[in-house]
Amino acid sequence: MSDIVEKTLTALPGLFLQNQPGGGPAAAKASFSSRLGSLVRGITALTSKHEEEKLIQQELSSLKATVSAPTTTLKMMKECMVRLIYCEMLGYDASFGYIHAIKLAQQGNLLEKRVGYLAVSLFLHESHELLLLLVNTVVKDLQSTNLVEVCMALTVVSQIFPREMIPAVLPLIEDKLQHSKEIIRRKAVLALYKFHLIAPNQVQHIHIKFRKALCDRDVGVMAASLHIYLRMIKENSSGYKDLTGSFVTILKQVVGGKLPVDFNYHILLQVLQKYILLLYLTMILTISAIFIFLSLAILFECVHTVYSIYPKSELLEKAAKCIGKFVLSPKINLKYLGLKALTYVIQQDPTLALQHQMTIIECLDHPDPIIKRETLELLYRITNAQNVTVIVQKMLEYLHQSKEEYVIVNLVGKIADVLVLNTVDTYAPDNAWFIQTMNAVFSVGGDVMHPDIPNNFLRLLAEGFDDETEDQQLRLYAVQSYLTLLDMENVIYPQRFLQVMSWVLGEYSYLLDKETPAEVIAKLYRLLMNDSVSSETKTWLIAAVTKLTPQAHSSDTVERLIHEFTISLDTCMRQHAFELKHLHENVELMKSLLPVDRSCEDLAVDASLSFLDGFVAEGLSQGAAPYKPHHQRQEEKLSQEKVLNFEPYGLSFSSSGFTGRQSPAGISLGSDISGNSAETGLKETNSLKLEGIKKLWGKEGYLPKKESKTGDESGALPIPQESIMENVDQAITKKDQSQVLTQSKEEKEKQLLASSLFVGLGSESTVNLLGKADTVSHKFRRKSKVKEAKSGETTSTHNMTCSSFSSLSNVAYEDDYYLNTLHDRGDKELKTFSLNSELLDSESLTELPLVEKFSNCSLSTPSLFADNSMEIFHPPKSTAASVAKESSLASSFLEETTEYIHSNAMEICNNETISVSSYKIWKDDCLLMVWSVTNKSGLELKSANLEIFPAENFKVTEQPGCCLPVTEAESTRSFQYSVQIEKPFTEEILSGFISYHMMDTHSAQLEFSVNLSLLDFIRPLKISSEDFGKLWLSFANDVKQNVKMSESQAALPSALKTLQQKLRLHIIEIIGNEGLLACQLLPSIPCLLHCRVYADVLALWFRSSCSTLPDYLLYQCQKVMEGS
Amino acid sequence: MQFMLLFSRQGKLRLQKWYVPLSDKEKKKITRELVQTVLARKPKMCSFLEWRDLKIVYKRYASLYFCCAIEDQDNELITLEIIHRYVELLDKYFGSVCELDIIFNFEKAYFILDEFLLGGEVQETSKKNVLKAIEQADLLQEPWMHSVLRE
């Protein structure tokens, strides 16, 4: 249609001009329009892109001449700007005009200014340097008495404004909030919204004015302020609870038809999502009978809201009805949204999916890929062991059709999630299906898929499930299927897939009995010679060949391969080939090096390379220079002017035998890592290489050979391939059958598909359970607030007891008072503890980060109450008594432990009978976790038990002597556990549960979890500088890093002080610009730190006997140094 | 809203408004990809797209496609309504708008858009108010209006 119109218009160029509103002198208009018009027409007349480019370049150069000519009037400039904008829209660079746009905005009269501002807002972006030139103009226009000028300035400010210049205009814009014209107020509010987005700190002080805007008499201003509130509430939902009333009033007015702000329903709803009042929702849900977008949009938000708030049955029912309306709508957009809504709610309410199953099936075959994708997303959420085959098949079908990379990555991730990532409970029904599906995933997903997927897949294969024979079958099937795939001619597989194949073939080819390793090697060799295979994949392949070589009888291919690649130009390949060559010469060694099926065993690597000591000593005795690690060399280069000044502990260098030990931990793996660097550190390749190292040399020296246990397991494995094929994907067979059948059967087929898709979704299913669990937690949410409040009180009581402020324990429980006192208490607590530390005057105390830890724990309590206006809090009198009791108990308990520093008690879980709080005691030799269980009910608790889930990184032991057999009503008992660390980590969660019996024999369980940080296990290590020097040389693992210091701690002592306080490092000595520190990881892993300051850079150098500890500590140091 | 694009059935860009700072290169890439994707879709297909991590809402009016990118939590239907309302505004202003009006007076189209949406959020929901603001500014070309508008 436009073509025709366009033609008529070219014929009658002046015609459309008459349409223009606003009037104005026709002559000026014509001249302006004809210039742009002729440009536009010129472009549309052209046929090729090339011609267009030529024309535009011409136009641009003439424009360039015009704008820079001094004779150009502002009016002409305005026309030029319009043409420049047009050229830039077509994708050509018009940057020479930017400065002129700013000039135009500055100098022009209103009309020209308007175009100038428009050009600026289109040309420039927030961080463009020219924008600074605009600031003055904006300030001037904001002060103008002309409304339109002010409007223009506000408009440009809310679109682009440099963050650092906000203070220049902020007061002016604030003033505009009181302007008499609503349009100015509205724009000012939006400008402030923009500022809030880019620099929230700068507008903090005017939050109170936003409240005024919310209550503005003009609807537009009120609506604009909703944007700000939506954002702020998202960031801090509890801070604005008091505004709920206002929001509800607005909503009421909207619903009542008093306000025309139809659009802002959705914002309001999102705002109210946080503290929704059900009544109004019900009202809205019923009004929208008219089918316009707006009301439907609102409906959609309502449904979303209903499902995200505390569930209420009648609302859910209504929402379900609405979703039904959406899903069944013939309009495709609504259907899409219906599916989307279903996806949200399906985990809470799977029966809803059952209701609409036929629609979902139809959508699966919908011609629109977007609808299909949404349906798959929906199905993905309901995947379970029974319907996994069908769903995955549907996903694969979609995958084969789509070409967009983003979609592929997403979908492949989902399939893998169903099958592999979810290692605890894979849904795959049988081996053959699993491998074939993964093959399809790998071939389609190719090299764009997330690297975790192949890694996890291989791990799954290697680690297997519980059943060993089952695992072997899976592996065997994988090997067989890969061999078949490799036999196919002219098929190019993605590199990742080839890597997976080569690893599996290398590891598990021994399971085959038909094909000999030599044949497998031949196949791998063929791939190696293929040019389309990347060099990264080739290293995988050659690793596989290396693993297979000791099993092979004839070695022609291997020799050919060695011959071929020892002269390869790729150094990495050459290295591998040489390794293979040397190993190949000694088959016995090779066999012990590369045992069969050992990929899962952990390896202890002698990182200090102690086995080379002899070699190094020999070298040194022959006059070789001692080895210096890279960073040491660099450092020496840095301080070249004082070459002679060696390290402060340089003296003891001679005392130690050799300097070879200084080599950093990573060095033994160095060649490997650099060789395989492209392989992104895939565990498998590395482990292959490490295997070599381990079996040869261990800490004790040469290791005895291990017997390989080939054959034992491979006996029972062969399975006729046909029988496997029979299991493959029932859905395919189903489809084949149905093709023969008639049209009427198609319906049946769909129903069949439906039943296969929705199995396990009934009310008794696991999915439903999941939903229920969710609801339960919802139900508790509200109550828990009261509990938290109560525990907050116990917390403070604890504190009070230790400082004998016990008079406060019978505080009058009145709301206001409570709020105030709590704030006070927060402060007091801090004081108390510093007081404590003075009193006790124990050395260990002063070294620990007192204030910080406690403020963390205790300050959280007051914030709980800050938003407590909704709930009135009246604890029963008995609680007061219990608190008193409890405090006496706690104090007696604390007597024995106060000599150590400990954290504030924090409530970690509760229900209506008990509440559990925990705190940490940082003892010198361990971390003591104390859980105190308070029985809040009036009944006696029998046999309360606390159990900690086993955790990988900890050893948890119960401390005896602190448990009472029976917990009386309203009393507290404590459990003490000492926690030892097994392996360094940064942050871990320790979780467990408490189970108890009530008097009426009903038992219950309550789960909890506590965060533990590495710092909980770090203690100062007090040694002398001499010992430091000795230890330093004996440690092999070192890590070095430069950290930038903030200005506040630029001097070394203050930096070290920070480390001492926050990380509990012991400062041994400070020598000039260097410092020595030491700490230990419990139970007794020492770690030494050497610091040196250059300007504002702190060079940290860690050494430890543990290989990973330096890294973790370094991380903590960086965090501390950057954080402060 | 992250950005709004108007383009013709031939894939020619007619208007672009970016509410997030992006480099020119990125803008061009996004525009190219989106125009291709949207033009490839059939008329009966739904107006929403999931594209990268954004949601795209588009609608075709005669030969012109209006295309908006919104974030995940934004409502698609509201966006459709925004597009529709913008078209209505253009229609009222130009008097039965066609693509050519927008081509030859694109700066006017920008002015209207700026009065309607500001910084990616809806500024004014009332059509009447938007047009009033635009007309007021348009009238400024009459010199005598200057004195009238001064307070």
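This is a predicted model, so every value here is computed, not measured. Residue positions are given per chain, counted from 1 along the sequence in the order it is written. As they are written, the chains are lettered A onward and the ligands numbered 1 onward, keeping that order. Only residues with pLDDT of at least 70 are given local features in this predicted model, and only at 80 or more are side-chain atom pairs given and counted; all residues enter the totals for whole chains, interfaces and linings. Side-chain metrics in this entry use all non-hydrogen atoms of the structure; hydrogen atoms and water are not considered.

A. Molecular detail of the overall build of chain B. The number of helices and strands found in chain B is six helices and seven strands. Secondary structure elements of chain B occur, N-terminal to C-terminal, as β-β-α-β-β-β-α-α-α-β-β-α-α. Of all 151 residues assigned to chain B, the portion counted as buried reaches 62%. Any two residues having at least one pair of non-hydrogen atoms within 4.5 Å are treated as being in contact. When contacts within chain B are restricted to residue pairs at least 6 apart in sequence, long-range pairs at least 24 apart make up 47% of them. Every accessible area reported is derived by Shrake-Rupley at a probe size of 1.4 Å, with residue values counting cover from the shown protein chains alone. Carbon and sulfur atoms make up 51% of the accessible area of chain B, which totals about 5,900 Å². Each helix is a run of DSSP H or I of at least 4 residues and each strand a run of E of at least 2, with the numbering of both proceeding from the N terminus. Remark: exposure states derive from per-residue accessible area (1.4 Å probe, protein chains only) relative to the maximum for the residue type, with buried under 20%, exposed over 50%, and partly exposed in between.

B. Broad picture of helix 4 (residues 74–89) of chain A. Helix span, expected: 1.5 Å multiplied by one less than the number of residues in the helix. For helix 4 of chain A, with 16 residues, the first-to-last C-alpha span of 22 Å sits near the 22 Å given by 1.5 Å per residue. Across the 16 residues of helix 4 of chain A, 13 count as buried, placing the element largely inside the fold.

C. Just the pairing of strand 1 (residues 3–8) of chain B, in detail. Residue and element names in this part refer to chain B. Within strand 1, six of the six residues are buried, which leaves the element mostly enclosed by the surrounding structure. By the bridge criterion, five bridges tie strand 1 to strand 2 (residues 13–18) in an arrangement that is antiparallel. By the bridge assignment, L5 is partnered in strand 2 with Q16. Between strand 1 and strand 2, which pair antiparallel and follow one another directly, the connecting turn spans four residues, one of which, G11, has a positive phi of 90°. What makes two strands pair is DSSP finding at least two bridges between them.

D. View of the side chain of T566 of chain A. Residues and elements named next belong to chain A. In this structure, T566 sits in the loop between helix 30 (556–565) and helix 31 (571–585). Throughout this description, a polar contact denotes any pair of N or O atoms lying within 3.5 Å of each other; where both atoms belong to protein, one of them has to be capable of donating a hydrogen while the other can accept it, and for residues adjacent in sequence the pair is counted only when both atoms sit in side chains. In this structure the side chain of T566 is engaged in a polar contact, spanning 2.8 Å, whose partner is the backbone oxygen of I562. Here H563 takes part through its backbone oxygen, which lies 3.4 Å from a polar atom of the side chain of T566. Those residues within four positions of T566 in sequence are excluded, and the remaining contacts are R574, A577, F578 and K581.

E. Molecular detail of the environment of L49 of chain B. Looking at the secondary structure, you find L49 of chain B in strand 3 (residues 48–51). On the basis of relative accessibility, which here comes to 4%, the residue L49 of chain B falls in the buried class. Among all residues touching L49 of chain B, those that are not within four sequence positions of it are I370 of chain A together with T37, V38, R41, L54, K55, I56 and Y58 of chain B.

F. Region of the structure containing the layout of surface pockets. Only protein atoms enter the calculation, which uses a 1 Å grid: trapped sets of points that fit a 1.4 Å probe without letting it out are cavities, open sets showing protein on both sides within 12 Å along at least five of seven lines are pockets, and any residue with an atom within 4 Å of a point is a lining residue. Grid points are joined across faces, edges and corners, and a volume is the space filled by probe spheres set on the points. In this structure, the largest pocket spans a volume of roughly 1,000 Å³. Lining of the largest pocket is provided by 36 residues; of these, K49, M89, L90 and G91 of chain A together with L13 of chain B occupy positions nearest its centre. Within the residue set of the lining of the largest pocket, elements represented by two or more residues are helix 1 (2–11), helix 2 (26–45), helix 3 (49–68), helix 4 and helix 6 (110–123) of chain A together with strand 2 and helix 1 (24–39) of chain B. The element that contributes the greatest number of residues to the lining of the largest pocket is helix 1 of chain B, accounting for seven residues. Residues are sorted three ways: Asp, Glu, Lys and Arg are charged, Ala, Val, Leu, Ile, Met, Phe, Trp, Tyr, Cys and Pro are nonpolar, and all the rest, Gly among them, are polar. For the lining of the largest pocket, a count of residues per class yields 12 nonpolar, 10 polar and 14 charged.

G. Just the side chain of S144 of chain A, in detail. Residues and elements named next belong to chain A. Topologically, S144 is positioned in the loop between helix 7 (134–142) and helix 8 (147–159). In terms of polar contacts, S144 uses its side chain to reach the backbone amide nitrogen of N146, at 2.8 Å. Engagement of the side chain of S144 in a polar contact is seen with the side chain of E149, the distance being 2.6 Å. Not counting residues up to four positions away in its chain, the partners in contact with S144 are E149 and V150.

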